[in-house]
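Residue-level structural notes
Okay, here's what each chain looks like letter by letter:
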Amino acid sequence: MKVIVLGAGQVGSSVATALATETDNSVTVVDTDAEALNWLQERLDIRTVTGLGSHPSVLQEAGAGDADILIAVTHSDETNMLACQIAWTLFHTPTKIARIRVTDYQDHPALFDNAAIPVDFIISPERLIKDYIARLIEYPDALQVREFGDGKLLLIGMEVDRGGPMVGEPIHRLRELLPGIETRVAAIYRHDTSVPPEGDTRLLAGDEVFFLARRGDIRRVMSVMRPLDNPYKRIMIAGGGNIGGALAGKLEGDYQVKLISHNLRRARELSAELDRSIVLSGNASDTELLEEENIEDMDVFLALTNDDEDNILAAMLAKRLGARRAMCIVNRTEYVDLIEMGSIDIALSPHQITIGEVLTHLRRGDVVSVHSLRRGAAEAIEVIARGDESTSRVVGRRIDALDLPRGTTIGAILRDDELLIAHHDTVIRSDDHVVLFLTDKRRIEEIEQLFSVGFGFF
């Protein structure tokens, strides 16, 4: 594909990196910051153009005349929308994706149409990270939570603990420990190395396990991996921006929420907007403030400001003062390793979460959803099997007869209203939604080819 990415910020850089590392993609990044473009070009096999992405001459120089996709992810909603408009009007770019942050725009979907503002797909990192955090709070012991099949099926990533019944046991014992519950271990990571999830593979304390199960069965499956913590009740949020304010509004009906904003005006606005949350004005790194607000009683402390350093310091302080769990937003990938070696429980990366949304619209074939995992090294995807036995290499075949790339696991199949946990003898039918886990996302092209249909289908 020929892809133009407008914006060399965190989201744009991450998208460009994800696309450039795959074969057969021609990527051009446009930004007004020549230094940021030079940094990217030194690391990736891409073209760069310096200029404003909404200018017709800049888009033309970037190759909009024969581009397949325009991804506009600058910091300005208006620039992103105008760029899509110009790309469609002047160059007839087939697919236009725009980052839209302002909810006032998002609340009017009729605006986004080729007859109005020609944006084919809207992405909102703030909305995505808000929903993702809400799922993590729903499952306290999870490190990652991803949804498939409109939320019927969940992929959970969690660490196996010494007190769990499955420690030292082979995977096939799950059937014995969980009678009546179907689950599938999709991947195991041990010391950052992938371990094949075979039936006789034994789980060890410290392993990071990804498993698939129905939403209603998730906590039962989690309970055999480690002793479960009590559900969360009290939550403190540092940061009153788009993410913090929206998350407080989403959680306050089910949890006791306190929100700290360093901006007094914004604190007053949130106090008027939120119904049940307690809104405070102050610095989340202020020990005295945290102690006054009983940080030691908080189940979760979330540092969600726009400043990575402030988030890390506030989360570390909250954890030291007694918060049960601490999470923080981190945009700079080089900080993630430092965080994982420290006291912070989970580092949240908005651009990594956003990548999955973007890739969903870029993958060839009938891809329903894509989730980027383990800092982009792995992927979980939901793809529709099309065709019949004569036109498809998967339809009508058992899973153990498929030529799957190494490190690929088929975890589940969504068939009409039925959810099937995949087994070796499961036969794939036409229109099945197949959920796969790839430990090496560089094999995605092989998956796309496997699920493509022959000309006979058309």
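Right above here is the structure, for reference.
These notes cover the structure that comes with them.

The rules behind these values
- Residues numbered from 1 in each chain as written.
- Predicted model: local features only at pLDDT ≥ 70, side-chain atom pairs only at ≥ 80, totals over all residues.
- Heavy atoms only, no water.
- Helix = DSSP H or I, 4+ residues; strand = E, 2+ residues; numbered from the N terminus.
- Rg over C-alpha atoms; globule rule 2.2 N^0.38 Å.
- Buried < 20%, exposed > 50% of the residue type's maximum accessible area, 1.4 Å probe, protein only.
- Pairing = 2+ DSSP bridges.
- Axes fitted to C-alpha atoms, helices over the stretch in contact; angles between N-to-C directions.
- Core = buried A, V, L, I, M, F, W, Y, C linked by side-chain atoms within 4.5 Å.
- Contact = heavy atoms within 4.5 Å.
- Arc of directions from axis to C-beta.
- Phe/Tyr/Trp six-rings, centres within 6.5 Å; stacked < 30°, edge-to-face > 60°.
- Salt bridge = Lys/Arg side-chain N within 4 Å of Asp/Glu carboxyl O.

**Comments concerning the overall build of the protein chain**
Counting its secondary structure elements, the protein chain contains 15 helices and 22 strands. Radius of gyration (C-alpha) of the protein chain: 23 Å, near the 23 Å computed for a compact globule of 458 residues. Based on the C-alpha atoms only, the size of the protein chain along its principal axes is roughly 70 × 65 × 40 Å. With 458 residues in all, the protein chain has 54% of them scored as buried.

**A few points about the sheet that holds strand 18 (residues 367-373)**
Taken in spatial order, the five strands of this open sheet run 18-19-22-20-21, and their pairing is antiparallel. This sheet does not close on itself; its edge strands, each paired only once, are strand 18 and strand 21 (418-421). The sheet shows a mean angle of 15 degrees between the axes of neighbouring strands, direction not considered.

**Here's the deal with unusual backbone geometry**
Its identity as a non-glycine residue notwithstanding, aspartate 416 has a phi of 55 degrees, on the positive side. Relative to the helices and strands, aspartate 416 is located in the loop between strand 20 (408-415) and strand 21. Its identity is not glycine, yet aspartate 431 carries a phi of approximately 75 degrees, on the positive side. Examined against the element boundaries, aspartate 431 turns out to sit in the loop between strand 21 and strand 22 (433-438). The class for aspartate 431 is partly exposed, based on a relative accessible area of 43%.

**Here we look at the nonpolar core**
Grouped together as the largest cluster of nonpolar side chains are 53 residues, with contacts concentrated most on Ile156, Met225, Ile237, Leu302, Leu304 and Leu348. Looking at which element gives the most residues to this core, the answer is helix 6 (residues 125-138), with seven residues. Leaving out residues up to four positions away in the same chain, leucine 304 has contacts with Ile133, Ile237, Ala238, Gly239, Ile243, Gly244, Leu247, Asn311, Ile329 and Leu348. Of all hydrophobic cores here, the second largest spans 45 residues; its members include Ile71, Ile97, Val383 and Ile428.

**Some thoughts on the pairing of strand 4 (residues 69-72)**
Of the two faces of strand 4, the one holding Ile69 and Ile71 and the one holding Leu70 and Ala72 are both buried throughout. Strand direction decides the pairing type here: strand 1 (residues 2-6) and strand 4, joined by four bridges, are parallel. Note that in strand 4 the partner of valine 3 across the bridge is isoleucine 69. In this sheet, strand 5 (residues 95-99) lies alongside strand 4 in parallel orientation, the contact comprising four bridges. Paired with isoleucine 69 across the two strands is threonine 95, which belongs to strand 5.

**A look at the environment of isoleucine 69**
Residue placement: isoleucine 69 occurs in strand 4. We classify isoleucine 69 as buried; its relative accessible area is 5%. The spacing of isoleucine 69 and valine 27 is 42 residues in sequence and 9.8 Å in space, taken between C-alpha atoms. Once residues lying within four places of it in the same chain are set aside, the contact partners of isoleucine 69 are Met1, Lys2, Val3, Ile4, Thr93, Thr95, Ile97 and Leu362.

**What to know about the sheet that holds strand 2 (residues 26-31)**
Read across the open sheet, the six strands follow the order 3-2-1-4-5-6; overall the sheet is parallel. The two strands at the open ends of the sheet, each matched to only one other strand, are strand 3 (47-50) and strand 6 (121-123). Averaged over all neighbouring strand pairs, the angle between strand axes comes to 15 degrees, with direction disregarded. Contacts from helix 2 (residues 34-43) reach strand 2 and strand 3, with the element oriented near 175 degrees to strand 3. Running over the sheet, helix 4 (residues 77-91) touches strand 1, strand 4 and strand 5 and is turned about 170 degrees from strand 5.

**Structural notes on the environment of histidine 351**
Mapped onto the elements of the fold, histidine 351 is located in helix 14 (residues 350-360). Each C-alpha atom, one on histidine 351 and one on asparagine 331, is 7.2 Å from the other, the two residues being 20 residues apart in sequence. Beyond its immediate chain neighbours, meaning those up to four positions away, histidine 351 contacts Gln10, Val11, Ser14, Val330, Asn331 and Thr333.

**Things to note about helix 8 (residues 218-225)**
Taken together, the buried positions of helix 8 are Ile218, Val221, Met222, Val224 and Met225. The buried residues of helix 8 occupy an angular sector of 160 degrees when projected down its axis, which confines them to one face. Residues of helix 8 that are buried make contact with strand 8 (153-159), helix 7 (174-177), strand 9 (183-190) and strand 11 (208-214).

**Quick notes on the environment of valine 15**
Within the secondary structure, valine 15 is located in helix 1 (residues 10-20). Residues valine 15 and threonine 354 lie 339 residues apart in sequence; the distance between their C-alpha atoms is 8.5 Å. Not counting residues up to four positions away in its chain, the partners in contact with valine 15 are Val5, Ile71, Ile355 and Val358.

**Section: the packing of aromatic side chains**
Tallied over the entire structure, the rule returns two aromatic pairs. Ring plane angle 80 degrees and centroid distance 6.1 Å describe the contact between tyrosine 189 and phenylalanine 210, whose orientation is recorded as edge-to-face. You can see tyrosine 189 sitting in strand 9 and its partner phenylalanine 210 sitting in strand 11, a full 21 residues away along the chain. Both residues of the pair, tyrosine 189 and phenylalanine 210, count as buried. Ring centres of phenylalanine 210 and phenylalanine 437 lie 5.3 Å apart, and the angle between their planes is 45 degrees; this geometry places the pair in the tilted category. Placement of phenylalanine 210 in strand 11 and of phenylalanine 437 in strand 22 is noted, with a sequence separation of 227 residues between them. A single burial state applies to phenylalanine 210 and to phenylalanine 437, both of which are buried.

**Overview of the pairing of strand 1**
Where burial is concerned, most of strand 1 is hidden: four out of the five residues are buried. One ladder, built from five bridges, connects strand 1 with strand 2; its direction is parallel. Paired with isoleucine 4 across the bridge in strand 2 is threonine 28.

**Regarding the pattern of salt bridges**
Enumeration over the complete set of coordinates arrives at 28 salt bridges. A salt bridge links lysine 96 to aspartate 120, with the nearest nitrogen and oxygen atoms 3.1 Å apart. Within this pair, whereas lysine 96 is found in strand 5, its partner aspartate 120 is found in the loop between helix 5 (103-106) and strand 6, the two being separated by 24 residues in sequence. A residue is classified by how much of its surface remains accessible, and lysine 96, at 0% relative accessible area, is buried. Its salt-bridge partner being arginine 386, residue aspartate 431 comes within 2.7 Å of it at the nearest N-O pair. Here aspartate 431 is found in the loop between strand 21 and strand 22, whereas its partner arginine 386 is found in the loop between strand 19 (378-384) and strand 20, with 45 residues between them in sequence. Classification of arginine 386 as partly exposed rests on a relative accessible area of 27%. Residues joined by salt bridges that share partners form a network here, namely Arg99, Arg101 and Glu126.

By themselves, these observations are geometric and do not establish any function.
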